[in-house]
Every structure is written in C-alpha cells, then in structure tokens.
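# Topology and contacts: notes
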Amino acid sequence: MRHTLLLSALVSCGHLFCVADNESTYTIKHLQEEIQSSSHLFSTVYANPALKGLIRDHSLNNVTVGWEKTSARNGQPYLPAEGKGENFTSFDAESYLRHDNYTLTGFAGYSNGKIKSVKWCETSDYDMVYPYILADSTGGDMKSELYRFGGSVSSSFSSKAIYGASVGYEAGLNYRNVDPRPRNVTGRLDISAGIGLKTNRLIIASAIDAMKYKQSNSVEFVSELGVEKLYHLTGLGTDYTRFAGVGLSTYYTGWRYGISVDMHPCDNCSGPVASVSFHRLSFTNILTDLNKLPIADVRQMEYRVEAGWRGKSFAVNSHVNIVRRLGNENIFGDATSGSYPEIASLTLYVCNSVDFRLSGMYSLAVDNRWTMTGELTGDYNHNNQIHSSPDARRIINNICGNASLRVSYLKTPRLLLETRVSYGYRNNITGRFYMPDEGVTAIIDAAETEYLAQSRNVSYAGATVSASIALPEKLALKITASSLSTTLNNSYSISAAVFF
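What comes next is a walk through the structure. What you see is a predicted model; the values in this text were computed from it and never measured. Residue numbers restart at each chain and count upward from 1, following the sequence in its written direction. Reporting in this predicted model follows two pLDDT cut-offs: at least 70 for local features of residues, and 80 or more for side-chain atom pairs to be given and counted; totals over whole chains, interfaces and linings ignore these cut-offs and use all residues. Heavy atoms from the whole structure form the basis of all side-chain values; hydrogens and water molecules are not counted.

### Regarding the pattern of salt bridges
Convention followed: Here a salt bridge means any side-chain nitrogen of Lys or Arg lying within 4 Å of a carboxyl oxygen belonging to Asp or Glu. Numbering of helices and strands starts at the N terminus; helices are DSSP runs of H or I of at least 4 residues and strands are runs of E of at least 2. Three exposure classes are used, based on accessible area relative to the maximum for each residue type with a 1.4 Å probe and protein chains only: buried under 20%, partly exposed in between, and exposed over 50%.
The full count for this structure, using the stated rule, is 9 salt bridges. Residue R357 pairs with D379 through a salt bridge whose shortest N-O separation is 2.8 Å. Note that R357 is positioned in strand β15 (residues 342–366) and D379 in strand β16 (residues 370–388), a separation of 22 residues in sequence. Exposure remark for R357: the relative accessible area of 34% places this residue in the partly exposed category. In this structure, K478 and E418 form a salt bridge, with 3.7 Å as the shortest nitrogen-oxygen distance. Residue K478 is located in strand β20 (residues 475–486), and its partner E418 is located in strand β18 (residues 415–434); the two are separated by 60 residues in the primary sequence. With relative accessibility at 17%, the residue K478 sits in the buried group. Three or more residues joined by partner-sharing salt bridges are found here, namely R406, E418 and K478.

Below you can see the structure in the form of structure tokens.
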C-alpha cells in the first residue's frame, strides 16, 4: 500500500513538472524574446493605435508590484520643483492580447509615495504647465498618489486596410499636511484613432490624437504664525508682481491636438520605419480667488520626424524633435466690482528646444541559451528660453551618450537569468544664464539652481539583475533589482512581476 501511494505521489509530481515544462516555459521563452525586441526604439510609431498589433506576434500580460527610491547627492545642484528625491511604491497591470486578427491592449496602475524637499513649486506636473507656477519660499515634502488606466484595440477592415483606437486616463493627487498645505488634483484624458493601408511590403498609416488636461490647486494655512507669501512665477526667476501674495487657489485647463503619418514593414518583416507628427498644446492659468481671472496662457507647437530601420537582429533609429513654447501674460486695469478688465496680452516668454537622437542596437543569440543585446544612443539637446520683461535669458546645449549591454542565460527551460549594465554621460558645450536685473532674490536663486542642475556635466552608471522562474499554468515569476548612480543622485528599485 505504501509503495502504491509513493508511486502515485511521484507520478503526480512528474505530471506537475511536465505541465510546468510544457506550459510555463512558453512564457519564459517569450520573456527571452523580449530582451531582443527593438520596439522601444520606435515608440513614436507604435503610439499609432492602428500599428499596435505589430509590436509583437504573441500575447503577453503582467502584474507588477514595485518600489523605487531616489536621493540627491549632498552639495549637488537639483531641480527645486522636482525635489531632492522620492520614495514610491507602485502596482501596475499590463495586457497585450492577440486573438484572430484583433490586438487588445490594456493597462492599469496606482502609485503612492513622497517627493522630498520640493522648493518654489506648489503646482503638480511642472513639465506640463511651466513657466506659470504657484510657489512659495518654504516648500517641503509632498505626498503623491497617481491612478491610471486605459486600453486600445486594433484590427483590419480587409487584407489591405487596418484600424485602431485607444483611450487612457490619468488622475493625480499631491498634498502636504503641514503649512503651506497645497492640494493639487490633476486629470488627463488621452484619445487617439488611426487607420492604415498595406502595400506589398509596407504599411502607411495615419493617426489623430487629442488630450484634455486639468489641474486645480489650493493652498491652506492653519498655523497661528501667519500666512506664507505666495508668488505666481512666470519663468527664469521672474514673477507676476501685481498678484504676489494673493490667489491661494488656481487651476489650469487646456487641450492638445496632434496628427501623424507613419510607415512600418508588413508582418514584422525587416524594413524601414518612419514617422512625421505635429502637436499643438494650449492651456490657460486661472486665479480662482479673483473671480476666475485668466492671468496667463501657453501655446506650444511640436514637430517631430523619425526614421530608422528595423531588422531581425538589429535596428537603428534617428529623430529630430522641435518644440516652440510661447507664454502670454495678460495685463489688467484696476478692479471694478470685483472684476479686472483685461487691457492687453503680451508674449513675454519664449522657449525653443531641439532634440536630435541617433540610436542603434544589435542582438545575438547563442545555442538558444545565451542572448546578448548591445545598444548605443547619442543625443544633442538645445534649449533657449527668453523672458522679455524683466529681461532674462538662458541657453543650454548638451551632448549626451549612453551605452548598455544586456545579457540573458536560460539556465534551464524553467529559469531565465538576466543582467544589464549601462554607462552614460551628459556634457555641456554651451551654458549661459542672464538673470533678471530686478525681482525677488530667492526666486532668481532658485532659477539659477535649476540652470546649474540642467547644465552640469553628468556621468552615470547603472546595473540591473533579474531572475524569471516558470510556474504552472503558463505563469512566470520575475524578480528584478536595479541601481543607478549619477553625479547628481542615486536611485534604487526592486520589483516582482507575474507574467502570463
């Protein structure tokens, strides 16, 4: 009887490992293929929802829990609006499903953490709404929560015509529980639709997209020591002097529209990849406290051209991105019955930026066990900002480079080991900041600190290690740890993901 039970147990265990070998190794193989993928080089093209079915030829989904910490180095310049570090935990789920001629994608995520020592910025999404920022001299740690979800569908009308559509929403909450106490609520809705036509070897596709953005800010003070003076920054160390100390509540509202024309090889064959796109962003900064007074607005035009080649084991890509941002400040007369009559609108802020990038990668597989992928990237960045009253100007030209090597080893059909090392630099070739000759000294000092952080020569080195283990039912567990050390800061992260 004992021998019978033991034999049955051994048979059951053998069946379990057989299932793992036959099903779970299926996911391990796909994770090994992802290491050789060049899709990240062509993210602009794959933003067209009609082309999402070309990212990969199989389904792959994951649920990930992660933690990340970043700390600024002592004595080094930093971006005051972004703080001296952050500590976040996150949960993310991503899905890429292929069924017949349909491709469905989806994502959902939540992150919660703290941004440390934020100065001269009580507004969220600084990169979106600059240069018009609500700020004070005290600042402090900012708690942050972010929610996001969305998805897309792509398919074909016929053997020659394809289509796709996508939608995504992101909501954020940033706040502080000590004076000054900002409470910022952000919302962003993205929608896009695309169509494409297949030729003998290429797909020519076009897409339109739109984004609606909103942010509301309110700052409270409960201390008996009084109220901190708030400023409405207008860029490069300047502020809207007339409204300094008033307007504890503001909001931003705006739209972005865009169109693109894209080219990609049919059926994931080797061939050219290209994209031409244009986007226009506009938003208004409004003081809620002053009868919803629109004090400033921004118009931004972005032009992007991308061209490259996607092969089976190598890929190259290049892009030029040109952005011109104009900031208008509205001039008002004396208030009557609580309303300020607008008497003029002046374009006082201009930001021109150019980014040129050339990147390439090569992948090599040996004996279906070893995989090596090398990648090189070079960048030239130009940024020129001008504020005309009071006069201020900032020019930064940087050259950047990065090299990385990614190696994976399939130790057994159920265990995939991976490591990635990288090294990069940023070298400033031109850097000048002509500070305004009048204004608040502390605001000008903060603008200078930002300039020093963005124009400093920087080098960095990073390393990532991971292990993927096959589980039953086509599941795989991937544990990843990484670190990045730069001249300005250090960061660490760890994550655990289940792929299926």
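Anyway, onward from the coordinates.
### Re a negative patch on the surface
To keep things clear, this is the line we draw: Patch definition: residues above 30% relative accessible area lacking any salt bridge, with like charges linked at up to 9 Å and the nonpolar side chains Val, Leu, Ile, Met, Phe, Trp and Tyr linked at up to 5 Å. Computed by Shrake-Rupley with a 1.4 Å probe, the accessible areas treat only the displayed protein chains as cover when residues are assessed. Only four residue types enter the tally: Lys and Arg on the positive side, Asp and Glu on the negative side, with His and both chain ends excluded. Think of each charge as sitting on NZ of Lys, CZ of Arg, CG of Asp or CD of Glu.
A surface patch of negative charge is lined by E82, D125, D127 and E170. Along the chain, E82 falls in the loop between β1 (60–72) and β2 (85–99). Look at E82 and you get partly exposed, because its relative accessible area is 40%.

### Some thoughts on the sheet that holds strand β10 (residues 238–239)
We apply this condition: Each pair of strands is called paired provided DSSP finds at least two bridges between the two strands.
Here we have 3 strands laid out as an open sheet, ordered β4-β9-β10, and antiparallel in their pairing. Each edge of the open sheet carries a strand with a single partner, namely β4 (133–135) and β10. The sheet contact formed by strand β9 (residues 231–235) and β10 spans 2 bridges and is antiparallel. Bridge pairing in β10 links G235 to T238.

### Re the packing of aromatic side chains
Selection rule: In this analysis, rings of Phe, Tyr and Trp, with Trp reduced to its six-membered ring, are considered paired at centre separations within 6.5 Å, and the interplanar angle assigns stacked below 30 degrees, edge-to-face beyond 60, and tilted for intermediate values. Both a distance and an angle decide whether a charge sits over a ring: NZ of Lys or CZ of Arg must be within 6 Å of the ring centre and within 35 degrees of the ring normal.
Taken as a whole, this structure holds 13 aromatic pairs when the rule is applied. Here Y252 and F283 contribute two aromatic rings whose centre-to-centre distance is 6.0 Å and whose plane-to-plane angle is 65 degrees, an arrangement assigned as edge-to-face. Here F283 lies in strand β12 (residues 271–287) and Y252 lies in strand β11 (residues 249–265), a separation of 31 residues in the sequence. For the pair formed by Y252 and F283, the shared burial category is buried. Three or more aromatic residues link up through ring pairs in this structure, and these residues are Y240, F243, F332 and Y340. Here R56 stacks its cationic end above the ring of Y96, 4.8 Å away from the centre of that ring. Above the plane of the ring of Y130 lies R325, whose end atom (NZ or CZ) is 4.2 Å from the centre.

### Comments concerning the side chain of N328
Quick reminder of the rule: The definition of a polar contact used here is a pair of N or O atoms within 3.5 Å, where within protein one atom must be able to donate a hydrogen and the other to accept one, and adjacent residues in sequence count solely through side-chain atom pairs. Residues are treated as being in contact if the distance between any of their heavy atoms lies within 4.5 Å.
Along the chain, N328 turns up in strand β14 (residues 314–332). On the basis of relative accessibility, which here comes to 8%, the residue N328 falls in the buried class. Polar side-chain contacts of N328 include one of 2.5 Å to the side chain of T347. Not counting the four nearest positions on each side in its chain, N328 is found in contact with Y132, I295, A296, D297, R299, S345, L346 and T347.

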